[in-house]
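Architecture at a glance
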Amino acid sequence: IFLKWSLFKSFSNSITCFSLQQKVLSNKMATHFNRDDPLAGLPPQKVFEKGYKPVFEDNLKKEEALLTLKTTFENNLKKNVNLQRVSCPMFVTKRSGFNDNLNGTERPATFAPRDFEDIKLEVPFSLAKWKRWALHYYKVPAGKGVVTDFRGLRCDDDVDFTHSLYVDQWDWEKVMDPSERNVEYLKETVKNVYKSVVDTEEAVCEEFGYDAILPKELVFATTEEMIEKYPTATPKEREDILCKEHGAVFLMGIGGLKSDGTLKHDGRAPDYDDWTTPRPDGGHGINGDLLVWNPLLEMSFELSSMGIRVNPEILEKQLDLCECNERKEYIWHQMLLDGTLPQTIGGGIGQSRLSQFMLRCAHIGEVQHGWYNPEEVALLKENNIRLLGLGEFEEDPMAKSLHQAADPSS
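Analysis parameters
Residues numbered from 1 in each chain as written. Predicted model: local features only at pLDDT ≥ 70, side-chain atom pairs only at ≥ 80, totals over all residues. Heavy atoms only, no water. Pairing = 2+ DSSP bridges. Helix = DSSP H or I, 4+ residues; strand = E, 2+ residues; numbered from the N terminus. Core = buried A, V, L, I, M, F, W, Y, C linked by side-chain atoms within 4.5 Å. Buried < 20%, exposed > 50% of the residue type's maximum accessible area, 1.4 Å probe, protein only. Expected span 1.5 Å × (residues − 1). Arc of directions from axis to C-beta. Contact = heavy atoms within 4.5 Å. Phe/Tyr/Trp six-rings, centres within 6.5 Å; stacked < 30°, edge-to-face > 60°. Lys NZ or Arg CZ within 6 Å of the ring centre and 35° of its normal. Axes fitted to C-alpha atoms, helices over the stretch in contact; angles between N-to-C directions. Salt bridge = Lys/Arg side-chain N within 4 Å of Asp/Glu carboxyl O. pLDDT = per-residue confidence, 0-100. Parallel < 35°, antiparallel > 145°, perpendicular 65-115°, else oblique. Left-handed = near helix turned anticlockwise from the far one by under 90°. Nonpolar A, V, L, I, M, F, W, Y, C, P; charged D, E, K, R; others polar.

1. As for the sheet that holds strand E3 (residues 110-111)
Here we have three strands laid out as an open sheet, ordered E2-E4-E3, and antiparallel in their pairing. Single-partner strands in this sheet number two, and they are strand E2 (92-93) and E3. As defined by bridge partners, E3 adjoins strand E4 (residues 121-122) across two bridges and the pair is classed as antiparallel. Paired with Thr110 across the bridge in E4 is Glu122.

What follows is the structure, encoded as structure tokens:
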């Protein structure tokens, strides 16, 4: 009876948290995706009008470039940020609380082991929580961190030319001294990450014979100053303005609400990035997004999200703001609140997203194997945008026989 009551209580609290997150998400976010458009996943019309010609028309050559890019970037990132590669899980238990909640509304891919049907395992959205625990597990000292080759599923993502159901990213996390929870340390780390990006682009372009386009220097901006300058613009429009002017920008202060209750810029879960700590410039949040200008798509292009993570005090505050206090009962949250987990900075860098940008591709499906709207796939083919592997193949009507139930009468 007690167990049933505890589960009911947890479920009820989760509904409250879910409802609040839904309210937040009803505000405009930094996205171009229009759910009312049946072909919302296509690249901008300008790409078709200009006549798209891929840099890599030979898929085998493109695979060679992908391997070079990913190997080079991971090595640069490990060197510049002082990270060590470690292995990582493909699934975690639901009750552990180790899965990333993203915006709090997405459904995880869930399954049960055959002989343990009461156990629910989830494919992580990211390793935002796990990797902070991993630093404790591996006893990583301050000034050093870990990076993983993460693969996940996001069933509720908007599937378009920059997003897919399949997630591959370098999930990294680094131990820092609590005294370094400030903007200066954030900027120093961001610059090292960006240097890894620039050095990789130069190496790939030199090897495969085309021009690098990223600026050497990164510009820092805040969501608050952009709202003040462009109060009527959408978050995505503000990002476009910034990136078109500067080429590469780190936009600080992602997450949280404005005084009128609307989303400040974009959504963030309450239990990893710190989006409430005051900054010297008057804004809030010691986190941000790494954005670049994509001349092929003629739009801003997010490469990474990163930030200084919550400490016990900020976790309590952000859970309360989001009405998600039930999460304090999870193992991971208890370990953070009692000081077991170290203070960290971390982020995720999309492998396919970085590859799409550096290999000058119009669609993310050109650099990863995924599933996309069949109507859109047909239009992409007509415009010389060929998706990788089975991404552009239609379903085989005979294949359903492979998935018949075991009962022969069915």
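2. Some remarks on the nonpolar core
Of all hydrophobic cores here, the largest spans 60 residues; its most connected members are Leu77, Trp172, Phe250 and Leu359. It is helix H5 (residues 183-208) that provides the largest number of residues to this core, a total of eleven residues. Of all hydrophobic cores here, the second largest spans 23 residues; its members include Val140, Phe150, Val167 and Trp332.

3. Overview of helix H7 (residues 235-246)
With twelve residues, H7 extends 17 Å between its outermost C-alpha atoms, agreeing within 8% with the 16 Å of an ideal straight helix rising 1.5 Å per residue. Turning to H7, its buried residues number three or more, namely Pro235, Lys236, Arg238, Glu239, Leu242 and Cys243. Within H7, the buried residues cover an arc of 160 degrees as seen down the axis, which keeps them to one side. Facing away from the buried side of H7 by over 90 degrees, the exposed positions are Lys244 and Glu245. Next to the buried residues of H7 lie strand E7 (219-222), helix H6 (223-229), strand E8 (248-252), strand E9 (287-294) and strand E10 (299-308).

4. So, the pairing of E10
In terms of burial, E10 is largely enclosed, as eight of its ten residues are buried. The pairing of E9 with E10 spans eight bridges and is classified as antiparallel. By the bridge assignment for E10, Val292 is matched with Phe301. Linking two consecutive strands that pair antiparallel, namely E9 and E10, is a turn of four residues; a positive phi of about 55 degrees is found at Glu298 within it. The sheet contact formed by E10 and strand E11 (residues 344-350) spans five bridges and is antiparallel.

5. Digging into helix H3 (residues 59-81)
Here H3 is 23 residues long and its end C-alpha atoms lie 32 Å apart, about the 33 Å a rise of 1.5 Å per residue gives. Along H3, the positions that sit buried rather than exposed are Lys62, Ala65, Leu66, Thr68, Leu69, Phe73, Glu74, Asn76, Leu77, Asn80 and Val81. Residues of H3 that are buried make contact with strand E1 (83-85), strand E5 (145-153), strand E6 (166-175), H5, E11 and helix H10 (351-358). At the exit of H3 stands Asn82, carrying a positive phi of roughly 65 degrees.

6. Considerations on the packing of aromatic side chains
Applying the stated rule across the entire model yields ten aromatic pairs. An angle of 85 degrees between the planes, with centres 5.5 Å apart, marks the rings of Phe91 and Phe111 as edge-to-face. A residue pair is termed long-range when its members are at least 10 positions apart, and Phe91 in the loop between E1 and E2 and Phe111 in strand E3 qualify at 20 residues. Centroid distance Tyr137 to Tyr138: 5.0 Å. Interplanar angle 80 degrees. Geometry classified as edge-to-face. Taking relative accessible area as the criterion, Tyr138 reaches 37% and is therefore assigned partly exposed. In textbook terms, an aromatic cluster arises when at least three aromatic residues are bridged by ring pairs, as seen for Phe98, Trp130, Trp133, Tyr137 and Tyr138. Between Lys129 and the ring centre of Trp332, over which it is positioned, the NZ or CZ distance is 5.9 Å.

7. Side note on the sheet that holds E9
Taking strand neighbours across the sheet as the criterion, the eight strands line up as E1-E5-E6-E11-E10-E9-E8-E7 in an open arrangement whose pairing is mixed. Of all strands in the sheet, those with a lone pairing partner are E1 and E7, marking the two edges. Geometrically, the sheet is characterised by an average inter-axis angle of 30 degrees between neighbouring strands, direction not taken into account. Inspection of the sheet shows E6 paired to E11 by seven bridges, in the antiparallel sense. Within the sheet, the bridge partner assigned to Gln169 lies in E11 and is Gly350.

8. Observations regarding the pattern of salt bridges
Applying the stated criterion across every chain, the model contains 27 salt bridges. Notably, a salt bridge pairs Lys216 with Glu202, separated by 2.2 Å at the nearest N-O pair. Of this pair, Lys216 sits in the loop between H5 and E7 while Glu202 sits in helix H5, and the two are 14 residues apart along the sequence. Classification of Lys216 as exposed rests on a relative accessible area of 57%. Each of the salt bridges in this network shares a partner with another, and the network as a whole consists of Lys131, Asp171, Glu173, Arg268, Asp273, Asp289 and Arg309.

9. Structural notes on the confidence of the model for the chain
With 85% of its residues at a pLDDT of at least 70, the chain reaches an overall mean of 88. Here residues 1-16 is a poorly scored stretch, pLDDT under 50, and it has seven contacts once near neighbours within four places are set aside; other chains count.

10. Thoughts on the packing of H3 against H5
At a minimum axis distance of 9 Å, the contact between H3 and H5 shows a crossing angle of 150 degrees. Taken together, the axis directions place H3 and H5 in an arrangement best described as roughly antiparallel. In terms of crossing hand, the pair formed by H3 and H5 is right-handed. Listed contacts from H5 to Lys61, Glu64, Ala65, Thr68, Leu69, Thr72, Phe73, Asn76, Leu77, Asn80 and Val81 of H3 are Thr189, Asn192, Val193, Lys195, Ser196, Val197, Asp199, Thr200, Ala203, Val204, Glu207 and Phe208. Its residues assigned to classes, the contact of H3 with H5 shows ten nonpolar, eight polar and five charged.

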